[in-house]
Amino acid sequence: MERLLRGEEIPEVNLYDLDSPVLYFPVRHHSPACAYHLKQAIDAYHPDCILIEGPQNAEALIPVLADQETKAPVALYYFYKDKKGLLSEEKEDYKCYYPFLDCSPELVALREAKERKIPAHFIDLPYGEILLGTARYKGIRAEGEKQTYNDDYLLSRSQYIHLLLDKAGLRSFDEFWEKYFEIGGLFCTTEEFVHRMLVYCGLSRKHTPKEEMEEDGCLLRERYMAWQIAEASADYKHILAVTGGFHTYGLTGLLTWKEGRLTCTGKPVKLHKIPAENQGVYPLAYSMEAADALNGYASGMVSPGFYQKVWEQLQENEHPSGAYGEAVLHQLVSAGRQARKQKESLSSYDVICAYSMAKGLAALRGKQEPGLYELRDAALSSFVKGECSPSTDLPLRILQNLNTGKQTGKLCEDALRPPLLVDFEEQCKKFGLKIQTASKQEITLELFTKQKHLLISRFFYQMDFLGTGFSRRKKGADLLNRRDNSRVREVWEYGYSGHVLSALVDVSMAGGTVEEASRTQLARQFTKSSISKEAARLLTRGFLMGFLEEQAKMGAHMKEILAGDGDFFSLTEGFSHLRMLYELQELYQVEDSVELKELLGICFQKIMQLLPSMARVKDEQQQECMESCLSLYQMTGRRGFERYRQPLIDAFIRLLEQKEVQPGLEGAVLGLLYGYDSQYDGQIQTAAAGYLQGTDEMQMKSAAFLRGLFYTARDFVFVQESFLTMIDGLLGKLSVEAFMNLLPELRQAFGYFTPLETDRIAGKAAAIHGAKKQELFKGRAISPMEYAYGELLDAWALKKMEAQGRDDG
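Residues numbered from 1 in each chain as written. Predicted model: local features only at pLDDT ≥ 70, side-chain atom pairs only at ≥ 80, totals over all residues. Heavy atoms only, no water.

J.: Report on the overall build of the chain, specifying residues and quantitative values.
T.: Across its full length, the chain carries 36 helices and twelve strands. Taking 809 residues into account, the globule formula puts the C-alpha radius of gyration at 28 Å, and the chain, at 36 Å, lies well above it. Projecting the C-alpha coordinates of the chain onto the three principal axes gives extents of approximately 110 × 75 × 50 Å. For the chain, the residues scored as buried account for 53% of the 809 residues in total. Expressed as a percentage of contacts within the chain between residues at least 6 apart in sequence, the contacts between residues at least 24 apart total 74%. A total of about 38200 Å² of accessible surface is found on the chain, and carbon and sulfur atoms cover 50% of it. Each charge class in the chain can be summarised by its mean position, and for the 96 positive and 112 negative side chains these summaries are 3 Å apart. (Helix = DSSP H or I, 4+ residues; strand = E, 2+ residues; numbered from the N terminus. Rg over C-alpha atoms; globule rule 2.2 N^0.38 Å. Buried < 20%, exposed > 50% of the residue type's maximum accessible area, 1.4 Å probe, protein only. Contact = heavy atoms within 4.5 Å. Areas by Shrake-Rupley, 256 points an atom, 1.4 Å probe, with all protein chains shown as cover. Lys, Arg positive; Asp, Glu negative; His and termini not counted. Charge placed at Lys NZ, Arg CZ, Asp CG, Glu CD.)

J.: Break down the pairing of strand 9 (residues 279-285) for me, citing the residues and quoting the values.
T.: The buried fraction of strand 9 is high, at six of seven residues. Taken together, the seven bridges between strand 3 (residues 74-81) and strand 9 define a ladder with antiparallel strand orientation. Bridging from a neighbouring strand, Tyr80 pairs with Gln279 of strand 9. (Pairing = 2+ DSSP bridges.)

J.: Tell me about the pattern of salt bridges, and please be specific about residues and values.
T.: According to the stated counting rule, one finds 31 salt bridges in the structure shown. Put simply, Arg116 and Glu112 hold a salt bridge, and the shortest N to O gap is 3.2 Å. Of this pair, Arg116 and Glu112 are both found in helix 3 (residues 105-116), four residues apart, which corresponds to roughly one turn of the helix. Judged by relative accessible area, which is 30%, Arg116 ranks as partly exposed. Taking the shortest distance from any N to any O, the salt bridge between Arg541 and Asp464 comes out at 3.2 Å. Separated by 77 residues along the polypeptide, Arg541 in helix 22 (residues 532-544) and Asp464 in helix 19 (residues 451-465) bring together distant segments of the chain. Of the residues examined, Asp464 reaches a relative accessible area of 35% and is grouped as partly exposed. Each of Arg171, Glu175, Glu178, Arg365, Lys367, Glu374 and Asp377 takes part in a single network of salt bridges with overlapping partners. (Salt bridge = Lys/Arg side-chain N within 4 Å of Asp/Glu carboxyl O.)

J.: How would you sum up the sheet that holds strand 9? Please name residues and give values.
T.: In any sheet, the strands associate via hydrogen bonds between backbone groups, in a parallel or an antiparallel arrangement. Strands sit in the order 4-3-9 across an open sheet of three strands; the sheet is antiparallel. Strands at the two margins of the open sheet, each flanked by one partner only, are strand 4 (93-100) and strand 9. Sheet twist, expressed as the average angle between the axes of neighbouring strands with direction ignored, equals 20 degrees. Sheet analysis places strand 3 next to strand 4, joined by eight bridges and oriented antiparallel. What sits directly across from Ala75, in strand 4, is Pro99. (Axes fitted to C-alpha atoms, helices over the stretch in contact; angles between N-to-C directions.)

J.: Summarise the environment of Pro275; cite the residues concerned and give the values.
T.: Turning to its location among the elements, Pro275 is positioned in the loop between strand 8 (261-264) and strand 9. Separated by 194 residues in the primary sequence, Pro275 and Lys81 have C-alpha atoms spaced 9.6 Å apart.

J.: So what's going on with the packing of helix 10 (residues 218-232) against helix 11 (residues 245-254)? Residues and values would help.
T.: Interhelical geometry of helix 10 versus helix 11 gives an angle of 55 degrees and a closest axis separation of 9 Å. Between helix 10 and helix 11, the angle falls in the class oblique. As for the relative orientation of helix 10 and helix 11, their crossing is right-handed in sense. Here helix 10 contributes Cys218, Arg221, Glu222, Arg223, Met225, Ala226 and Ile229 to the contact with helix 11, which in turn contributes Phe246, His247, Gly250, Leu251 and Leu254. (Parallel < 35°, antiparallel > 145°, perpendicular 65-115°, else oblique. Left-handed = near helix turned anticlockwise from the far one by under 90°.)

J.: Account for the domain arrangement of the chain, with residues named and values stated.
T.: Segmenting the chain into domains produces domain 1 (2-295), domain 2 (304-404) and domain 3 (419-510). Here the C-alpha centre of domain 2 lies 31 Å away from the C-alpha centre of domain 1. Residue-level contacts link 24 residues of domain 1 with 26 residues of domain 2. Between domain 1 and domain 2, the buried area comes to about 2200 Å², and carbon and sulfur atoms account for 64% of it. The largest share of the area that domain 1 buries against domain 2 comes from Glu178, Ile183 and Phe187, three residues that together contribute 25% of it. The interface formed by domain 1 and domain 2 includes two salt bridges. Residue Arg171 is joined to Asp377 by a salt bridge in which the shortest nitrogen-to-oxygen separation is 3.0 Å. Sorting the residues of the side of domain 1 that touches domain 2 by element identifies helix 1 (32-45), helix 7 (173-183) and helix 12 (288-291) as the ones contributing at least two each. For the side of domain 1 that touches domain 2, the leading source of residues is helix 7, giving six residues. Residue classes in the side of domain 1 that touches domain 2 are distributed as twelve nonpolar, two polar and ten charged. (Domains from an automatic or database assignment. Buried area = accessible area lost by both parts, 1.4 Å probe. Nonpolar A, V, L, I, M, F, W, Y, C, P; charged D, E, K, R; others polar.)

J.: Kindly report on the environment of Ala135, identifying the contributing residues and their values.
T.: One can find Ala135 in the loop between helix 4 (127-132) and helix 5 (153-156). For Ala135, a relative accessible area of 30% translates into the label partly exposed. Residues Ala135 and Phe710, spaced 575 residues apart in sequence, show a C-alpha to C-alpha distance of 61 Å. Every residue in contact with Ala135, bar those within four places of it in the chain, is listed here: Arg141 and Glu215.

J.: How would you sum up the sheet that holds strand 12 (residues 489-494)? Please name residues and give values.
T.: Across the sheet, three strands lie side by side as 10-12-11; this open sheet has antiparallel pairing. Either end of the sheet is taken by a strand with one partner, and the two such strands are strand 10 (441-446) and strand 11 (471-475). Averaged over all pairs of adjacent strands, the angle between strand axes in this sheet comes to 30 degrees, irrespective of strand direction. Bridge analysis of strand 11 against strand 12 gives four bridges, and the strand direction is antiparallel. When the sheet's bridge partners are listed, Arg473 is paired in strand 12 with Trp492. Against the sheet, helix 19 contacts strand 10, strand 11 and strand 12, and its axis sits at roughly 130 degrees relative to strand 10.

J.: I'd like a rundown of the packing of aromatic side chains, residues and numbers included.
T.: In this structure the tally under the stated criterion is 43 aromatic pairs. Measuring from ring centre to ring centre gives 5.6 Å for Phe470 and Tyr494, while their planes differ by 45 degrees; the resulting arrangement is tilted. Taken together, the residues Phe470 in the loop between helix 19 and strand 11 and Tyr494 in strand 12 connect sequence positions 24 residues apart. Since its relative accessible area comes to 4%, Tyr494 is described here as buried. Measuring from ring centre to ring centre gives 6.1 Å for Phe718 and Phe753, while their planes differ by 90 degrees; the resulting arrangement is edge-to-face. With Phe718 in helix 32 (residues 716-719) and Phe753 in the loop between helix 34 (736-750) and helix 35 (755-768), the pair connects residues that are 35 residues apart, well separated along the chain. Overall, the relative accessible area of 13% leaves Phe718 in the buried class. Taking relative accessible area as the criterion, Phe753 reaches 6% and is therefore assigned buried. The structure contains a cluster of three or more aromatic residues connected by ring pairs, namely Phe424, Phe431, Phe459, Phe460, Tyr461, Phe470, Trp492, Tyr494 and Tyr496. The ring of Tyr633 carries Arg645 above its face, with NZ or CZ at 4.0 Å from the centroid. (Phe/Tyr/Trp six-rings, centres within 6.5 Å; stacked < 30°, edge-to-face > 60°. Lys NZ or Arg CZ within 6 Å of the ring centre and 35° of its normal.)

J.: Give me the lowdown on a nonpolar patch on the surface, citing residues and values where you can.
T.: A contiguous nonpolar patch, built from Tyr789, Leu792 and Leu793 and spanning about 340 Å² of accessible area, is present on the exposed surface. Note that Leu792 resides in helix 36 (residues 784-808). Judged by its relative accessible area of 61%, Leu792 falls in the exposed class. (Patch = residues over 30% accessible without salt bridge, like charges linked within 9 Å, V, L, I, M, F, W, Y side chains within 5 Å.)

Shown next as structure tokens:
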């Protein structure tokens, strides 16, 4: 390590002194090597107090973390509600996680303290204070990452790390760390390991600008921790301070020994008066998957399942040598066994070759034993036959899952849990839902005959709205997409998992019950909504969740949104949702709490104003515009909405009077007008003749016109006999190239007909040419071989004619 860093000015690192009143032990979170040497240091130092980097407001939960019944992985969930707007005007809620694995040095320290019956304390700022001491978009307030308390990024993102990786010939910081600290660290004494840690962490700090540390809240936290250590020195003679390696030099630089105790040279940190209800912490069971850095956890060792196996080997063996080799062999054998169960042709010999290659790679790379990166490279070479692709990489995916780990944690019985989790379990118990098993369950709900089933449906929709993944509707009315609205049964699939737990914890600040959290989230999203379709969908979700009284509060905001929305498609989709809710009130036996009829009127008037301007709608929006017009027409034919029919017809007429009208939309609107009054048949005939018998340019638009017409009035083909003759005339005179260009849209146009209607059209088309429908089915079918031969003949003839043309020229 020192040879690698030669040329750098290595800071003073003589901090591992077993005779000192304070022993500073630098760690990287979730590092097996750090945890191993920490245990050695505790055995050698015999501390009478252990101080650990961790938000101080979790002090009361230390007994839960150290309890024998608590099984890692677990985490502390911190939350802060910025109700006073100290962080931003938005007064948002904040949260973060502090995970603990079996190989986490902090958890090892807590367990050792309990076993030795000595006190252990968290010494970092409370979570809310860390937020208040961190600049926006920096550190723990950075956006775009899963927020965690740990700050290992200070070690991996320093300015010189990229140059260091190039010098070492390594691909990533994690590979560098494993080589020199995780594997190499097990082949040195604890004093040498601490020295190595301090060298690297000191240089990382040296190359990190002070302004960056200030903005990240790093310096403020170190001042607070230094004061905690200084105060503890008055009561204890052997203090072990376990902190992130980056902070070690900051702490020692702030502390001096004076008059028999430590004193802090930094200014004391003044805490804000944060009400207890605005800040808190809960313990929760965690999972290896959540702890994996590849899944968004910014401060953890990648592939925690692999390092858990290393830690288990370290615990079983008297000497650390061989721990990594045994872990690599175990993962390869397990991956091979699982692959064979899935019918992969992976033999024991392949596993032996992979292990041999992993050891060879380790020797070439200067490692005492193979690690995670030799494991991956060896598996890629030995397990994948040929090119690595989704069809051949199953063994690698199995290995990755093993390296991530499937282990989930468990809390002791006395652990305090978020009220939301307690309510979730109580609701499941009340409704008879099985959450003790990991397998998926299915339930059929009779919504309108059993009140309990309606309540279960609302609970499922609440859980779905919170994004928990607990429940999924497989069958039944799809009100959000306005399909199958009249169905009276629902079939749901549900299942409990670690993801459900994590998702519930994420939203636990929104309320103490599933219902309260859903109401809060709905209100927040509705307040932020600015377009009609978004707001109307939220009204629908509130309806499904049973929040009928909440909808009354949304009415005023909905009116503002409708008044300011100038998007035709947003308004029509919003209108469809509002209409559906209005019609379902009777079925669901609920009262109109949102003044839906008034909202429908406002929305309809806005749509009527915009409808004529849609005449030149883009081709890609044609279908959506036709659907909107049909929906409006159907709605105005329903009981209670008849008064809107004439204004809609007037708007259709104004649309057709525009200078240019998109052909598909023109056909659809004419079809709707024909449905309103059959006297519009003449106007359809005239417009159709313009397309079908007009210029070449108009004929190329004819398929779009027919598509629109058949979408809203396909019966016109059977009423007007001459219309089909007109279409036949167009098809008869089109060139092959023009016909092929029109064919996709012609298929769409005739695709609106039922099979029986298509059969009738075929009969009429046959009659035009003096044939009977039955004759269409006569004749020998052409085989694929004959067709292919014909194509070859065509190509040969074309080639000959082109050659003849060149000779004549």
